[in-house]
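Secondary and tertiary structure notes
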Amino acid sequence: MQTIYYDLRDTKGQQKEIEDKISAAAKILREGGLVGIPTETVYGLAANGLDETAVKRIFEAKGRPQDNPLILTIPGQQWLPRYCKDIPPLAYVLARKFWPGPLTMILKCRTDVVPSIITAGLDTVAMRCPNHPVTLAIIREAGIPVAAPSANTSGRPSCTTAQDVLEDMDGKIEGIVDGGPCTVGVESTILDLTCDPPKLLRPGGLPLEALEQVIGPISVDKAVVSPLQEGEQPKAPGMKYRHYAPKAPVTVFTGAPEASAREIARRVGPTTGVICFDEFVHLFPQQEVHALGPSNDKLAQAQRVFDALRTFDNSGVTEILAQCPDSRGLGLAVGNRLKKAAGFHIVESDSQRIILGLTGGTGAGKTSALNAIRELGGEVIDCDAVYHEMLDHDQELRNTINATFPGVFGPDGKLNRKKLGQEVFAKKERLDKLNAIVFRFLVPELEKRMESVPDGLYAIDAINLIESGLDRLCDRTIAVTAPTELRVRRIMARDDITEQYARLRISAQKPDEFYRGKCDLELNNGAETAEAFQREARLFFERLVESLREEKRHGNK
């Protein structure tokens, strides 16, 4: 098959010639052919989105897995009701603000109109209106929505020029429209509007911060920061499979630019390829280097990242080491593309010590939240365990408790915990006295321990985190809360007790309002299973830790 090239880089030339080329590309689409088309983000591989046979050809040309859904591209929000149902008002708010532009919205699909090959069998569809006059003119002329994933061979870096498309698709498709280099350089941001709050499924050319300024807090899908597990179905493009990957293996280095550049310089060899910010190119005179742009210019990095990854395929490098921008603005999208290219093989170059304090009532899900921190490589400091360890070894603590509650230590020097319990739980003022003693000794012990630990992530687990003063050791304190009825059910199942006893245990503890009012953040557990909450908690902590690292890199507490 001969691939026809249409040069539409100059749209101020002969109007008749421009219109003829647009009509020719539109005719190919109407007749079931494939056309490489320009957008502001990356080049797309377009087919008639209502023609199942034509869409199948996209999968064949790209080598794309068929459980990976496609985006349906339209010329404006007025086309949404043709292909979507139950459209929330928020969709029109966002379309008025950000369309045409690099935003894709996940909406409920009119499955009687849209072929299931577009949606990968889901009841939702991804909708986008690109900000490129040539492509909008082609879609309007064709009179059909187009399915248009990125125009690269599946798994390779996306195409940001027509020449890139020609490299991957020459002879496989009917036409390529050259609209010039892409101005954004990374794919569109994908936002799921079928859930509350809306969820970011893929960071892209529209920064998360810009969306949150308009609609408030947005949750972030775990696929943004870690790979989907085997058997999990992607809800949008770019979520599941290894993407954007050159032939040589990639390792991504996060952290402050100076620190990540030093770490890369420490590891390079003669056949190492390097992707780095402009300021650090001079550190690698013996290596093949592709500059991402200045460390503070996220737009330049977005425009160059795919070109950098693709260019190494024509060289003899055996590995690629890449600097990663921070996650603010377009940096979240650039970092996501680099990490996916690396299969999430990441080196943290300037790991700082981050201490989180977790507290909350029984049954709220603190154990699952702590397990999520362990999954992230964090270490949990159990204050109750530290206290009991101190009871065995800290003679001053033992003497103080024994002076206040005589006889609780036996002749053998061991603590009679049953007797101590009888002493303190009968009267509140006695329990307050014991807590005051424990806090007086525990806080300095924790301070000493935390000063000596290496950089990394730590969580202090303490029911009395606030009352003890341990909160002042923490970068952030988190209240783990949950609806009372869910807590009752969990305690009954966990401890095999009656409903009445479970309610008594909850009523004897401080209410969620106490923790909510005293802590910096709240992590509410409304999940039906511990596993589901642990997944939610992991995403919560990943985002929090990244935010704290950014603060520390820029000199803030």
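Residues numbered from 1 in each chain as written. Predicted model: local features only at pLDDT ≥ 70, side-chain atom pairs only at ≥ 80, totals over all residues. Heavy atoms only, no water.

Bringing the sheet that holds strand β13 (residues 272-276) into the picture now. Spatially, the 5 strands line up as an open sheet ordered β14-β13-β15-β12-β16, and their pairing is parallel. Where the open sheet ends on each side, the last strands, each with one partner, are β14 (288-291) and β16 (346-348). Neighbour to neighbour, the strand axes of the sheet diverge by 20° on average, direction disregarded. With 4 bridges connecting them, β13 and β14 associate as parallel partners. (Pairing = 2+ DSSP bridges. Helix = DSSP H or I, 4+ residues; strand = E, 2+ residues; numbered from the N terminus. Axes fitted to C-alpha atoms, helices over the stretch in contact; angles between N-to-C directions.)

A word on the packing of helix α13 (residues 383-393) against helix α16 (residues 428-452). Direction vectors running N to C along α13 and α16 enclose 100°, while the axes themselves pass 10 Å from each other. Considering the angle they form, α13 stands roughly perpendicular to α16. Of the residues in α16, those touching α13 at C383, V386, Y387, E389 and M390 are L434, V438, F441, L442, E445, L446 and R449. Residue composition of the contact of α13 with α16, by class: 9 nonpolar, no polar and 3 charged. (Parallel < 35°, antiparallel > 145°, perpendicular 65-115°, else oblique. Contact = heavy atoms within 4.5 Å. Nonpolar A, V, L, I, M, F, W, Y, C, P; charged D, E, K, R; others polar.)

Evaluated as defined, the whole model comprises 2 aromatic pairs. Aromatic pair F514 and Y515: ring centres 5.4 Å apart, planes at 80°, arrangement edge-to-face. Taking the relative accessible area as the measure of exposure, Y515 reaches 2% and is therefore buried. It is K510 that lies over the ring of F514; its NZ or CZ is 5.4 Å from the centre. (Phe/Tyr/Trp six-rings, centres within 6.5 Å; stacked < 30°, edge-to-face > 60°. Buried < 20%, exposed > 50% of the residue type's maximum accessible area, 1.4 Å probe, protein only. Lys NZ or Arg CZ within 6 Å of the ring centre and 35° of its normal.)

The next subject is the sheet that holds strand β4 (residues 71-73). Taken in spatial order, the 11 strands line up as β1-β8-β2-β3-β7-β4-β6-β5-β9-β10-β11 in an open sheet, and their pairing is mixed. The outermost strands of the open sheet, each flanked by one partner alone, are β1 (4-7) and β11 (219-220). One ladder, built from 4 bridges, connects strand β5 (residues 103-108) with strand β9 (residues 189-192); its direction is parallel. Across the sheet, the residue bridging to T104 is I190, located in β9. The strands touched by helix α2 (residues 52-62) are β3 (44-48) and β7 (146-147); relative to β3, the strand with the most contacts, the crossing angle is about 155°.

Turning to the environment of P81, a few remarks are in order. Residue position: P81 is located in helix α3 (residues 80-83). Each C-alpha atom of the pair P81 and T160 lies 31 Å from the other, and the pair is 79 residues apart in sequence.

On to the environment of K427. Its place among the elements puts K427 in the loop between α15 (417-425) and α16. For the pair formed by K427 and G293, sequence separation is 134 residues and the distance between their alpha carbons is 67 Å.

Taken as a whole and judged by the stated rule, the model has 43 salt bridges. Taking the shortest distance from any N to any O, the salt bridge between D7 and R9 comes out at 2.8 Å. On the basis of relative accessible area, R9 is assigned to the exposed category, the value being 53%. Of the charged contacts, one joins R538 and E375 as a salt bridge, the two residues approaching to 3.4 Å between their closest N and O atoms. (Salt bridge = Lys/Arg side-chain N within 4 Å of Asp/Glu carboxyl O.)

Below, the discussion takes up the nonpolar core. Grouped together as the largest cluster of nonpolar side chains are 70 residues, with contacts concentrated most on W99, L103, M105, I118 and M127. Broken down by element, the residue count for this core peaks at 6 residues, all from helix α1 (residues 15-30). When neighbours within four sequence positions are excluded, L103 is seen to be in contact with L94, F98, M127, R128, C129, S188, T189, L191, L206 and L211. If you look at the next biggest cluster of nonpolar residues, it comprises 35 residues, including I381, Y387, V424 and V438. (Core = buried A, V, L, I, M, F, W, Y, C linked by side-chain atoms within 4.5 Å.)

On to the environment of P246. Examined against the element boundaries, P246 turns out to sit in the loop between β11 and β12 (250-254). With a relative accessible area of 5%, P246 lands in the buried category. Sequence separation of P246 and L465 is 219 residues, and the distance between their C-alpha atoms is 48 Å. In contact with P246, not counting residues within four places along its chain, are P157, L309, D313, I320 and A341.

The next point concerns the side chain of E40. By secondary structure assignment, the location of E40 is in the loop between β2 (35-37) and β3. Under the relative-accessibility criterion, E40 is labelled buried at 4%. Of the polar contacts made by the side chain of E40, one reaches the side chain of R128; its length is 3.1 Å. Looking at E40, its side chain comes within polar contact range of the main-chain nitrogen of N131, at 3.0 Å. Filtering out sequence-adjacent residues up to four positions away, E40 remains in contact with G101, P102, R128, P130, N131, H132, C182, T183, V184 and G185. (Polar contact = N/O pair within 3.5 Å; in protein donor to acceptor, adjacent residues only side chain to side chain.)

Following the sequence through the fold, D178 ends up in strand β8 (residues 175-178). Side-chain polar atoms of D178 contact the side chain of Y43, separated by 3.4 Å. In contact with D178, other than residues within four places in its own chain, are Y5, Y6, D7, L8, R9, Y43 and A162.

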